[in-house]
Amino acid sequence: MPGRPGNAFVILNASSGWDKKDAAPALVRAVLRTHGIECTVTKVTAGADIRAIASRAVAEGAELVVAGGGDGTLRAVAAGLSGTGVPMAVLPVGTLNHFARDMEIPFDLEQAATVAAAGTAVTVDVGEVNGRVFINNSVIGLYPTYRFERARREARGWNGKLAILGGIYSVFRRFPFLEVRLDAGDVTVARRSPYIVIANNEHAMEGFKPWQRDRMTDGMLWVYISRARSRFDLLRLVFKVLTGRLRTEDEFEVLRAGRVRVAPHRRRIGVSLDGEVVSMETPLEYRSRPRELRVMVPPGSRRVEEFVCETGGVPSAP
């Protein structure tokens with residue numbers, strides 16, 4: 001069984017939605033040192049190449065990389081660590097923290113740092129599209145369009161809240177549809193939909209927590225094609241999410257495969273990766289990368305149980 005790491009590299013995203021950044025470095029250092037781990041802490045801001053920072057940390061001998069931020073930050077760190085064997089620990093200091101919730105990471109900073117230092121390392125799947133890693137899901141359609149509209153208004157100097165409202169209004173006014181051809185395993189379909197979600201493992205897509213995952217090691221992508229045909233359908237969907245009445249079969253056509261090819265009728269398209277939007281050339285080539293990312297989780301969590309059931313192995317320290 002591998003021993004505990006002697007050194008760690010901590011990446012704190014100062015642009016994440018969290019208000020205790022100033023106290024974080026000292027607290028994290030203290031917790032890690034209590035467990036015999038020396039660490040280097042670096043703060044990053046918007047625009048930093050976090051993937052490159054994580055990759056460089058591994059190249060320089062880091063035995064553990066701790067990511068403090070939201071899902072976008074975790075995605076970038078995961079991209080630098082996937083396939084290296086170096087585990088990622090999570091400080092859930094973003095806004096939604098979907099990945100941290102699925103990995104059962106405590107939201108208290110000191111407790112999360114303790115998991116980083118003394119937790120259990122398990123392996124989980126990541127997804128990839130055109131060479132870019134994602135850990136939760138990728139979305140095409142309305143959400144990337146909204147983000148582009150919002151960014152355009154912000155670039156013109158609009159106030160943040162007004163830019164958000166303006167982006168939402170623009171999307172609802174236009175309500176654009178995607179026309180795509182999807183190849184998912186042995187299934188090929190042509191669809192016209194306002195948005196499509198390509199998920200790393202099955203998402204609940206029901207109740208109050210539609211993005212929750214029971215499993216992280218199926219090695220499959222799940223494709224959710226929205227059945228919405230009007231603005232009213234979209235508003236009804238939002239109401240169902242808010243009231244816990246969402247049902248997968250009512251709102252989505254579902255496909256499942258290890259590889260998925262999405263060919264829109266456009267040369268380039270906006271693609272959301274764990275909430276962050278980039279422009280990509282089409283077609284979009286998605287694939288699952290099974291158990292490529294090691295993550296520190298609380299001992300005894302359901303992720304440890306899943307790891308043992310899937311692999312028959314014994315989870316370990318980093």
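The structure under discussion appears in the preceding block.
Residues numbered from 1 in each chain as written. Predicted model: local features only at pLDDT ≥ 70, side-chain atom pairs only at ≥ 80, totals over all residues. Heavy atoms only, no water.

Undergrad: Could you give an account of the overall build of the protein, with specific residues and numbers?
TA: The secondary structure content of the protein amounts to ten helices and 16 strands. Here the C-alpha atoms of the protein give a radius of gyration of 20 Å, agreeing with the 20 Å that 2.2 N^0.38 yields for 318 residues. Counting only C-alpha atoms and orienting by the principal axes, one finds that the protein spans roughly 55 × 50 × 40 Å. Scored against the burial criterion, the 318 residues of the protein give a buried share of 54%. (Helix = DSSP H or I, 4+ residues; strand = E, 2+ residues; numbered from the N terminus. Rg over C-alpha atoms; globule rule 2.2 N^0.38 Å. Buried < 20%, exposed > 50% of the residue type's maximum accessible area, 1.4 Å probe, protein only.)

Undergrad: Mind laying out helix α1 (residues 24-34), listing which residues take part and the relevant values?
TA: For α1, every residue scored as buried is listed here: Ala24, Pro25, Val28, Val31 and Leu32. Buried residues of α1 fall within an arc of 135° about the axis and therefore sit on the same side. In α1, the exposed positions angled more than 90 degrees off the buried face are occupied by Ala26 and Thr34. Residues of α1 that are buried make contact with β1 (7-13), β2 (38-44), β4 (88-92) and α5 (109-118). Positive phi appears at Gly36, one or two residues downstream of α1, with a value of about 80°. (Arc of directions from axis to C-beta. Contact = heavy atoms within 4.5 Å.)

Undergrad: Would you mind going over the packing of helix α2 (residues 50-59) against helix α3 (residues 71-81) in detail, with residue names and values included?
TA: For the pair α2 and α3, the least separation of the axes is 7 Å and the interaxial angle reads 40°. Classed by the angle they form, the pair α2 and α3 counts as oblique. Here α2 runs over α3; the crossing is right-handed. Seen from α2, the contacting residues are Ile50, Arg51, Ala54, Ser55 and Val58; seen from α3, they are Thr73, Ala76, Val77, Ala79, Gly80 and Leu81. Considering only residue class, the contact of α2 with α3 consists of seven nonpolar, three polar and one charged. (Axes fitted to C-alpha atoms, helices over the stretch in contact; angles between N-to-C directions. Parallel < 35°, antiparallel > 145°, perpendicular 65-115°, else oblique. Left-handed = near helix turned anticlockwise from the far one by under 90°. Nonpolar A, V, L, I, M, F, W, Y, C, P; charged D, E, K, R; others polar.)

Undergrad: Mind laying out the side chain of Arg289, listing which residues take part and the relevant values?
TA: Within the secondary structure layout, Arg289 lies in strand β16 (residues 284-297). Classification of Arg289 by relative accessible area gives buried; the value is 12%. A polar side-chain atom of Arg289 sits 2.9 Å from a polar atom in the side chain of Glu128. When residues no more than four places from it in sequence are discounted, the contact partners of Arg289 are Ser82, Asp125, Val126, Glu128 and Val133. (Polar contact = N/O pair within 3.5 Å; in protein donor to acceptor, adjacent residues only side chain to side chain.)

The quantities given are spatial measurements derived from coordinates; they are silent on function.
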